[in-house]
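# Fold and contact review
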Amino acid sequence: MGDWAQGEFQLAGQKAGTDYTCLPGLGVNEIISTGGDAFYFPLLKDEEKSKAQEVLASTLLNPATQVAFNLKKGSLPVRGDVDLAAANDCMKKGLEILAKGNVIQGTDQLLSADSQKQKEDLFSEFFASSMTPEDAQKRFADIIASAD
Amino acid sequence: MTYDGPRRTPAGLNQLLRNLNAKIASIPMILTAVVIFLGGTLWTVFYSFTNSKLLPRLSFVGLDQYERLWAAPRWLISIQNLAVYGLFSLIFSLVIGFLLAALMDQKIRFENTFRTIFLYPFALSFIVTGLVWQWILNPEFGIQSVVRSLGWSSFTFDPLYNSDIVIYGILIAALWQGTGLVMCLMLAGLRGIDEDIWKAARVDGIPMWKTYLFIIIPMMRAVFITTLVIIASGIVKVYDLVVAQTSGGPGIASEVPAKYVYDYMFQAQNLGQGFAASTMMLITVAIIIVPWAYLEFGGRKRG
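Below: a short report on this structure. Counting of residues starts from 1 at the beginning of each chain's written sequence and follows it residue by residue. For this description, chains carry letters from A and ligands carry numbers from 1, given in the order in which they are written. Owing to the predicted nature of the model, reporting of local features is limited to residues with pLDDT of at least 70; listing and counting of side-chain atom pairs is limited to 80 or more, with chain, interface and lining totals taken over all residues. Derived side-chain values reflect all non-hydrogen atoms in the structure, with water molecules and hydrogen atoms excluded from consideration.

### Some words on the overall build of chain A
Under the DSSP-based scheme used, a helix requires at least four consecutive residues in state H or I and a strand at least two consecutive residues in state E, with every element numbered from the N terminus. Per the secondary structure count, chain A includes seven helices and two strands. Reading the helices (α) and strands (β) of chain A from amino to carboxyl end gives α-β-α-α-α-β-α-α-α. Taking 2.2 N^0.38 as the reference for a compact globule, 148 residues should give roughly 15 Å; the C-alpha atoms of chain A span a radius of gyration of 20 Å, well beyond that estimate. The dimensions of chain A, computed from C-alpha atoms along their principal axes, are 60 × 50 × 30 Å. Relative to its full complement of 148 residues, chain A shows a buried share of 26%. It only takes one pair of heavy atoms within 4.5 Å for two residues to be counted as in contact. In chain A, of all internal contacts separated by at least 6 residues, the share reaching a separation of at least 24 is 47%. The Shrake-Rupley method, run with a 1.4 Å probe sphere, supplies the accessible areas, and residue values consider only the shown protein chains as cover. When the accessible area of chain A is evaluated, it comes to approximately 10,300 Å², of which 59% is carbon and sulfur surface. For the purpose of counting charges, residues Lys and Arg are taken to be positive, whereas Asp and Glu are taken to be negative. His and the chain ends are not included. Here the site of a charge means atom NZ of a Lys, CZ of an Arg, CG of an Asp or CD of a Glu. Each charge sign in chain A was given a centre, from 14 positive and 22 negative side chains, and these centres are 4 Å apart. Only C-alpha atoms enter the radius of gyration; for comparison, a globular chain is expected to reach 2.2 Å times N to the power 0.38, where N is the number of residues. Per-residue accessibility, obtained with a 1.4 Å probe over protein chains only, is compared with the maximum for each type, and a residue is labelled buried under 20%, exposed over 50%, and partly exposed between these values.

### Notes on the environment of Gln53(A)
Residues and elements named next belong to chain A. Relative to the helices and strands, Gln 53 is located in helix H2 (residues 47–61). Sequence separation of Gln 53 and Ser 75 is 22 residues, and the distance between their C-alpha atoms is 24 Å. We call two N or O atoms a polar contact when they sit within 3.5 Å, provided that within protein one can donate a hydrogen and the other can accept it, with sequence-adjacent residues counted only if both atoms are side-chain atoms. Reaching out from Gln 53, the side chain makes a polar contact with the backbone oxygen of Pro 42 at a distance of 3.0 Å.

### Overview of the pattern of salt bridges
Counted as salt bridges are all cases of a side-chain nitrogen of Lys or Arg within 4 Å of a carboxyl oxygen of Asp or Glu. Scanning all chains against the criterion turns up 15 salt bridges over all chains. Note that Lys117(A) is salt-bridged to Asp263(B), the shortest N-O span being 3.9 Å. Here Lys117(A), found in helix H6 (residues 113–128), pairs with Asp263(B), found in helix H14 (residues 257–267), and the two come from separate chains. When sorted by exposure, Lys117(A) lands in the same class as Asp263(B), which is buried.

Next up, the structure:
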């Protein structure tokens, strides 16, 4: 499930570590696939507006903002130096893995939209048909082999 | 042939100047046809030999896109589905449409009311039709649950959730939507048949079904051809009905070529692959249309 699931649990008044917990890599391989949004600020002539851009950027990346936002959403802060007192169980686990560097890039970054689409087609075919896992594995390998 | 040689030039010029206003007025339409339809088609075919991704680019890869296309299981399923859907929707909409029109032509009461009812589905878009039939065929809300609540508790009718028959679920919706129009076209054709032919057939003692089959239908050839072209073009471009009913599911069991083209052009951002698929669609249509057009128009000139 996506990070939004944690946000839903939050909203339902559940507490990370006691009511539910996170098992990165199902608890076996503690590796996280990361991905995120990017903000681009255009270069402006107006001094005032440039300053406003800076205020927005520094607010976004402020450790306090990061923790508050990611607790609500259920994802991880983009920086490691946040106040751990405010962080919940899941976030602590995640930050630890990030600090160890056990990260692989998200498939959105690794594969082109074309390969992604072929992969999705394979998945939807596999889950709705009687295709054997071996066949699916072979075709998955083919897609990755010809990916660009 | 040689004797009218000297007269040829003025006659040709006269030909050109005749109905000059009409010719000038039709220039925009001619330009549209040539530039947009013909030009766009050639452009698409041309770029299907490149490895264009999000934007078209001129780097040729020969037939690579076509090889990949014909190796893709999703494309093969799409073609299969189109063949099944096309064949059945052609046969059934013509047969049902003609039968309805023939029944309607028996000077029945409330003909206008029936005509309105049968034609009404045609006023709905494929998206609405698809959504309605998705609900009707849904096993939890639709036909299955109604029949089960009447007592047949093991009754199963869920075409949209069974990979083997999902395309027939789509076919039902398409027929419901399309036969009304076919009926109207056929009815117009039947009304165009002279009353005297019916009287003559009756005098000769020919049974009604024979009159229809051997006299009326051959006389309605033009109507049948118009209807055929309308139905066939609807079949090849079927897309929104599938999107609304199953969005290609379960799995990829109800995918159609037009959806493959759209998905690979805009979701997978692979224009080359989408162009190759749409070129294959064009070739499929051409294989059917060209021999027919040759027989239809080439033959008439000779005869």
